[in-house]
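Fold and geometry: a report
Here's the letter readout for the chains.
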Amino acid sequence: MAPSVLWFRRDLRLADHPALDAARRASGADGVYGCFVLDDELLTRSGPARAQFLAACLERLDDDMGGRLVLRSGRPEEVVPALAAEVGAEAVFVTGDTAPYGTARDARVDGALGRDGRRLERVGTPYAVDPGSVAKSSGEPYRVFTPFRRAWEALGWPPPLPAPEQVDWRGARSNANPGGIVARSGSRRPRFWEDLPADAPASMPAPGEEGAHAALERFVDGGLGDYAEARNLVGQEGSSRLSPYLRFGCIHPRQVLSSIAGAEKATKDTDVFRSELAWREFYADVLFHQPESARSTFGPGLVHLRWDEGPVAEDRFRRWALGQTGVPLVDAGMRQLLAEGWVHNRARMVAASFLVKDLHLDWRWGARWFMYRLVDGDLASNQHGWQWTAGTGTDAAPFHRIFNPFLQAERFDPDGAYVRRYVAELDGMATKDLHAPGGPVAPGQLAFDGASGYPEPIVDHGRERHEALARFEAARTRGER
Ligand SMILES: Cc1cc2nc3c(=O)[nH]c(=O)nc-3n(C[C@H](O)[C@H](O)[C@H](O)COP(=O)(O)OP(=O)(O)OC[C@H]3O[C@@H](n4cnc5c(N)ncnc54)[C@H](O)[C@@H]3O)c2cc1C
């Protein structure tokens, strides 16, 4: 036997880790080298929240491995084969990555290892059902969520692996430290972002596998019982907050699904929760089959949609990103993003709709800012979440369904708690004024005392709604020609 290398990527945990299990079995008494590669190609695109969370998760993983996580810096196709050669490993084990960058990177690493007579072993993926394996009877992939979900459930997933046996970790941390990740992150920013914050959010989730299991336990004991209703109420802790952990693989969805199944018999709440996890799997599947869907507008004819550009559009974008649009629910969501790197799903939808349908800005501008700031930023869920809201994606909301941010606030933040929490200027305002159609600060009027410094809305929702629909019609007509 020879030692194995386990290359961690989006699987920063030790429990229920099939690739680790395979690496351990393949190496016997020769032990496993567990490594993580600081890849500038990824780091320069990650914003400060994900960089900081990643660094903290790696510290925890290293602790859990008794200080034996090997950190290397550089291009994976050079660094990983070099490590395998150095320690005499025959195989490098990974959890498969099916997103565009990961697929191409792994093909390069596979090739480089192969030239040395070694191999890359892909074991499992970060999904309950591997992307690409749910298909119609014709073999075609699903493009619509509900039938995908049915087929996904029917295919099913194995139970989590039993608690891991003792792993004989070899090697020691070298050459790099996780702290450096933050300094190297997020340097690729468009010119017009220059004044926008580049610091990490003040409040971050507890890192690592322990943080993930604590969040899951909290949710199963608390929020799950009322999830179907409470998940939409922005002012409540009604959702699991598992997204950063799923993003970095501190927990596997199999573990989450199994603890839900074990929590109680199926209820509406467990069904809805499973369905949300299925959205994550659906989007990964769509991205697997259509890697271009991360960047291209999908809906028929909508490639012709006219977006605003230039200095006025860029200024509006900055007001949106800073939470200064004068529309309370949008601003609360955008300020939550700045403060926590996480945003309630409903606020994500409302803020995204506002950027696209009220400000007429390209959904990719907003998606990029979200990816930059989010601690759970995930290419498949983010780009498709944006395309869904913009009405341009696979199985998206129809374009003409335009969120009214004032009605959304009335319905999903009925007592104004969410807006008051994140928009300090509105703290003293009565709820009926917060929900005033057209915004709490009417155009041309002096700001309400309690709202000092809060702006009037930068656009008129009713007017921009008509404008969005007119642009949609024009794009469709052009597409039909
Ligand atoms: C514009 C926009 C951008 C988004 N960007 C991301 C992103 O970058 N990363 C991300 O993980 N989610 C993204 N989402 C989906 C969703 O908002 C978050 O997954 C959710 O808010 C995370 O909070 P939670 O863990 O408490 O969710 P819960 O409600 O507890 O759901 C449990 C899990 O299910 C998955 N999930 C829930 N809703 C969705 C959804 N609509 N699409 C895909 N997966 C879902 C997540 O993994 C989540 O952790 C985006 C949604 C929109 C509208």
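Bringing the overall build of the chain into the picture now. Tallying secondary structure elements over the chain gives 21 helices and six strands in all. Against the compact-globule benchmark of 23 Å for 481 residues, the chain has a radius of gyration of 23 Å, which places it among compact chains. If you line up the chain on its principal axes, its C-alpha atoms span 75 × 50 × 50 Å. A total of 481 residues make up the chain; the buried ones form 49% of that total. At a minimum sequence separation of 6, the contacts of the chain that also span at least 24 residues come to 77%.

Look at helix α4 (residues 76-87) against helix α5 (residues 100-115): their axes get within 9 Å of each other, and the N-to-C directions meet at 40°. When the axis of α4 is compared with that of α5, the two are oblique. When you trace α4 past α5, the crossing you get is right-handed. On the side of α4, the interface is formed by P76, E77, V80, P81 and A84, while α5 contributes R105, R108, V109, A112 and L113. A breakdown of the residues in the contact of α4 with α5 according to their chemical character gives seven nonpolar, no polar and three charged.

Along its sequence, the chain is carved into domain 1 (1-125), domain 2 (127-159 + 208-289) and domain 3 (302-476). One C-alpha centre belongs to domain 2, the other to domain 3, and the line joining them spans 26 Å. Of the residues lining the interface, 16 residues belong to domain 2; the matching set on domain 3 comes to 18 residues. Here the side of domain 2 that touches domain 3 is built from residues that sort into nine nonpolar, four polar and three charged.

Turning next to α4. For α4, which comprises twelve residues, the first-to-last C-alpha distance of 16 Å matches the rise-based estimate of 16 Å (1.5 Å per residue) to within 8%. Listing the buried residues of α4 in full gives P76, V79, V80, P81, L83 and A84. Phi turns positive, to about 75°, at G88, one or two residues after α4.

Attention now moves to the packing of helix α14 (residues 328-340) against helix α15 (residues 345-358). Put simply, α14 and α15 touch, their axes get as near as 9 Å, and they point 110° apart. In terms of their interaxial angle, α14 and α15 are classed as roughly perpendicular. Along this stretch, α14 crosses α15, giving a crossing that reads as left-handed. The segment α14 lies against α15, with L329, V330, A332, G333, M334 and Q336 engaging A347, R348, V350, A351 and F354.

This next bit is on the site of the ligand. Taken together, the neighbourhood of the ligand is formed by 27 residues, with S239, S240, S243, N382 and G385 sitting nearest. Within the residue set of the shell around the ligand, elements represented by two or more residues are α10 (243-248), α12 (268-289), α15 and α17 (379-390). Grouping the amino acids of the shell around the ligand by side-chain chemistry returns ten nonpolar, nine polar and eight charged.

Glancing now at the pairing of strand β3 (residues 70-73). Side chains V70 and R72 of β3 all project onto a buried face; the interleaved residues L71 and S73 project onto a face where none is buried. Relative to β3, strand β2 (residues 32-38) runs parallel, the two sharing four bridges. Opposite C35, over in β3, you have V70 as the bridge partner.

V5, L6, W7, C35, C57, V92 and V419 are the most contacted members of the largest nonpolar core, which has 128 residues in total. When near neighbours in sequence (up to four residues on either side) are disregarded, V92 contacts V5, W7, V80, A84, L113, R118, L120 and E121.

Another aspect to go through is unusual backbone geometry. Although it is not a glycine, R241 sits at a positive phi angle of roughly 60°. If you trace the backbone, R241 turns up in the loop between α9 (227-230) and α10. Even without glycine at this site, H360 takes up a positive phi of about 60°. With respect to the element layout, H360 can be found in the loop between α15 and α16 (363-373).

Below, the discussion takes up the confidence of the model for the chain. With 95% of its residues at a pLDDT of at least 70, the chain reaches an overall mean of 92. Counted against residues more than four places away or in other chains, residues 446-450, with its pLDDT under 50, gives ten contacts.

The end-to-end C-alpha distance of α14, which contains 13 residues, comes to 18 Å, matching closely the 18 Å that a straight helix rising 1.5 Å per residue would cover. With respect to burial, α14 is a largely interior element, ten of its 13 residues being buried. Among the residues making up α14, those that are buried are P328, L329, V330, D331, A332, G333, M334, R335, Q336 and L337. Against α13 (311-321), α15, α16, α18 (405-412), α19 (417-422) and α20 (431-434) lie the buried residues of α14. Looking one or two places after α14, you find G341, whose phi comes out positive at around 70°.

What follows concerns the pairing of strand β5 (residues 119-122). Bridging between strand β4 (residues 91-94) and β5 involves four bridges; their strand directions are parallel. Looking at β5, one finds that V94 is bridged to R122. In this fold, β4 hands off to α5, which returns the chain to β5; that crossover is right-handed.

Another aspect to go through is the environment of R421. In this structure, R421 sits in helix α19. Taking the C-alpha atoms as reference points, R421 and L38, 383 residues apart in sequence, are found 36 Å from one another.

About the thresholds
Residues numbered from 1 in each chain as written. Predicted model: local features only at pLDDT ≥ 70, side-chain atom pairs only at ≥ 80, totals over all residues. Helix = DSSP H or I, 4+ residues; strand = E, 2+ residues; numbered from the N terminus. Rg over C-alpha atoms; globule rule 2.2 N^0.38 Å. Buried ≥ 20, exposed ≤ 12 C-beta atoms within 10 Å, placed from the backbone. Contact = placed C-beta atoms within 7 Å. Axes fitted to C-alpha atoms, helices over the stretch in contact; angles between N-to-C directions. Parallel < 35°, antiparallel > 145°, perpendicular 65-115°, else oblique. Left-handed = near helix turned anticlockwise from the far one by under 90°. Nonpolar A, V, L, I, M, F, W, Y, C, P; charged D, E, K, R; others polar. Domains from an automatic or database assignment. Expected span 1.5 Å × (residues − 1). Near = placed C-beta within 6 Å. Pairing = 2+ DSSP bridges. Core = buried A, V, L, I, M, F, W, Y, C linked by C-beta atoms within 7 Å. pLDDT = per-residue confidence, 0-100. Right-handed = clockwise from strand over helix to strand, strands pointing away.

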